[in-house]
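A structural walkthrough
Now for the letters of each chain:
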Amino acid sequence: MATPRHKLVDEEHAACYHVTSRCVRQAFLCGYDSLTGRNYSHRKRWLIDRMKRLARCFAVEIFGYAVMSNHFHIVLHYDPKACASWTDEEVARRWAEASEPMTKSRRRTQGKAERRERLLEDPEGLARARRTLGSLSFFMKHLKQPIARRANLEDGCTGHFFEQRFYSGALLSERAVLAAMVYVDLNPIRAGTVRELVECHDSSIGERLREHSEEALDEYLAPVAPSPEEGDGTASRPVHTTLRAYFELVQEMFSVETGKQTRPDRVARWTAWVTSLQKRQRAYGSGEELEKWSAARGTQPRETPLPA
């Protein structure tokens, strides 16, 4: 029996999570399908564009992502209480940006401005929109459902596109967050689809390598898709590693993954942490962090701590 989502995701405190979802039957519905000879790689951009759009609306910030041929990964920071501080106008603006009109006729006649104004006149609808924008589960629903409908329309079929339930693992420390980001960023390398980090066109590491300047490398690692908030967000930033240090770490891990070097002492610890992400758990962190996390939810601490 699956663990209830409210025990997997903290609904009171901001935290980071590794989430992932697979295509149904693990079929290659977002890449080249050797069985049919069809190439669906263009759907990866659908996912990335929608993910970034929703990050501007929901209470999440995207720190890392990788879209593969039959699944995708996201490392994100989720603040369930952020929506409580948004004004009604802010909620309506975000909802109008995130929501999809229900029918083709409404798509043509009802624009974002009209949807925003109609929501402001509907207190109950506004309250529902606020709760939705503050939910990680609804973020994933709003990410996956439109992609599934669009793909089914393209294929002329009906039915599930993604497996119904998405995986989520809480990242209880900065080292767990960084290990998850490295694990996600190295997915294209591990799958053998690219040979160099800069060739990762459907992951956050490729985006960072292509878009950040030399001067930006010594700045703190910031989300690739932030949620717009007042201020610069540095006070609550969950990752304090610089871009330069992160690039060096990923490059070293890349060299290990591709067999270009053995595992020197400075990389061995990170290799163990990143490898531990391959074991799907409800949470990742030290033994003490896992005990606190489990006690707060009344569950047994079955997770394996990150290696020391």
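Predicted, not measured: the structure shown is a model, and the values here were computed from it. (Residues numbered from 1 in each chain as written. Predicted model: local features only at pLDDT ≥ 70, side-chain atom pairs only at ≥ 80, totals over all residues. Heavy atoms only, no water.)

1. As for empty space enclosed by the protein
The condition is simple: A pocket, in this scheme, is an open set of points on a 1 Å grid over the protein atoms alone with protein on both sides within 12 Å along at least 5 of 7 lines, while a cavity is a set where a 1.4 Å probe fits but cannot get out; residues line either one if an atom lies within 4 Å of a point. Grid points are joined across faces, edges and corners, and a volume is the space filled by probe spheres set on the points. Secondary structure is summarised from DSSP: a helix means a run of H or I of at least four residues, a strand means a run of E of at least two, and numbering begins at the N terminus for each. When residues are sorted by character, Ala, Val, Leu, Ile, Met, Phe, Trp, Tyr, Cys and Pro go into the nonpolar class, Asp, Glu, Lys and Arg into the charged class, and all the rest, Gly among them, into the polar class.
Counted under the stated rule, the structure contains one cavity of 30 Å³ or more. The space that makes up the largest cavity amounts to roughly 40 Å³. Contributing to the lining of the largest cavity are L47, I48, M51, Y65, A66, V67, F72, H73, I74 and L143. For the lining of the largest cavity, the secondary structure elements donating two or more residues are α2 (42-55), β4 (60-67) and β5 (71-78). Tallied by class, the residues present in the lining of the largest cavity amount to nine nonpolar, one polar and no charged.

2. Considering α2
Note the following rule: Under the convention used throughout, the expected extent of a helix is 1.5 Å for every residue step, that is, one less than its residue count. Only protein chains enter the calculation, and the probe is 1.4 Å; a residue is then buried if its accessible area is under 20% of its type maximum, exposed if over 50%, and partly exposed in between.
With 14 residues, α2 extends 21 Å from end C-alpha to end C-alpha; this agrees with the ideal 20 Å at 1.5 Å per step. Those residues of α2 that fall on the buried side of the exposure criterion are R43, K44, W46, L47, I48, R50, M51, L54 and A55.

3. Some details on the side chain of S294
Heads up, the condition is: We call two residues in contact whenever any of their non-hydrogen atoms come within 4.5 Å of each other.
Tracing the backbone shows S294 in helix α13 (residues 287-297). Accessibility expressed as a relative area gives 1% for S294, which makes it buried. Leaving out residues up to four positions away in the same chain, S294 has contacts with T299, Q300, P301 and E303.

4. Here's the deal with the nonpolar core
The cut-off we apply is this: Among buried residues, the Ala, Val, Leu, Ile, Met, Phe, Trp, Tyr and Cys ones that are joined through side-chain atoms within 4.5 Å form a nonpolar core.
Among the nonpolar cores identified, the biggest contains 52 residues, and I62, I74, L76, L136, F139 and F161 are the most heavily contacted of them. Elements with a contribution of two residues or more to this core: β1 (15-22), α2, β4, β5, α3 (88-98), α6 (123-133), α7 (136-155) and α13. Here this core takes seven residues from α7, the largest share from any one element. In this structure, L76 is in contact with A15, C16, Y17, V19, E61, I62, F63, L136 and F139, ignoring residues within four places of it in sequence. Ranked by size, the runner-up nonpolar core spans 40 residues in total, among them V75, V194, I205 and M253.

5. Quick word on the pattern of salt bridges
To keep things clear, this is the line we draw: Here a salt bridge means any side-chain nitrogen of Lys or Arg lying within 4 Å of a carboxyl oxygen belonging to Asp or Glu.
All told, the structure shown has 19 salt bridges when counted by the stated rule. Across the salt bridge formed by D49 and R45, the nearest N and O atoms sit 3.2 Å from each other. A residue pair is termed a helical-turn pair when its members lie 3 or 4 positions apart in one helix, as D49 and R45 do in helix α2 at four residues. The partner of R130 in a salt bridge is D88, with the nearest N and O atoms 2.8 Å apart.

6. Side note on the confidence of the model for the chain
Applied cut-off: A residue's pLDDT is the confidence the predictor assigns to it, expressed on a 0 to 100 scale.
For the chain, per-residue confidence averages 88 on the pLDDT scale, and residues scoring 70 or more make up 94% of the total. Taken element by element, the predicted model of the chain shows its lowest mean pLDDT in helix α4 (residues 104-109) (47) and its highest in β5 (97). A low-confidence stretch, residues 230-235 stays under pLDDT 50, and its non-local contacts, those more than four residues away or across chains, total one contact.

7. Side note on the sheet that holds strand β7 (residues 283-284)
Selection rule: Note on pairing: DSSP must find at least two bridges between two strands before they are called paired. Axis definition: a line fitted to C-alpha atoms, limited for helices to the stretch in contact. Angles are taken between N-to-C directions and run from 0 to 180 degrees.
One open sheet accounts for five strands, arranged β4-β5-β1-β6-β7; its pairing is mixed. Each edge of the open sheet is held by one strand with a lone partner, namely β4 and β7. Relative to strand β6 (residues 167-171), β1 runs antiparallel, the two sharing five bridges. From the neighbouring strand, Y17 faces β6, where its bridge partner is A170. Sitting on the sheet, α2 touches β4 and β5, and the angle it makes with β4 is about 175 degrees. Contacts between α7 and the sheet are confined to β1, β4 and β5, with β5 contributing the most and set at about 145 degrees to the helix.

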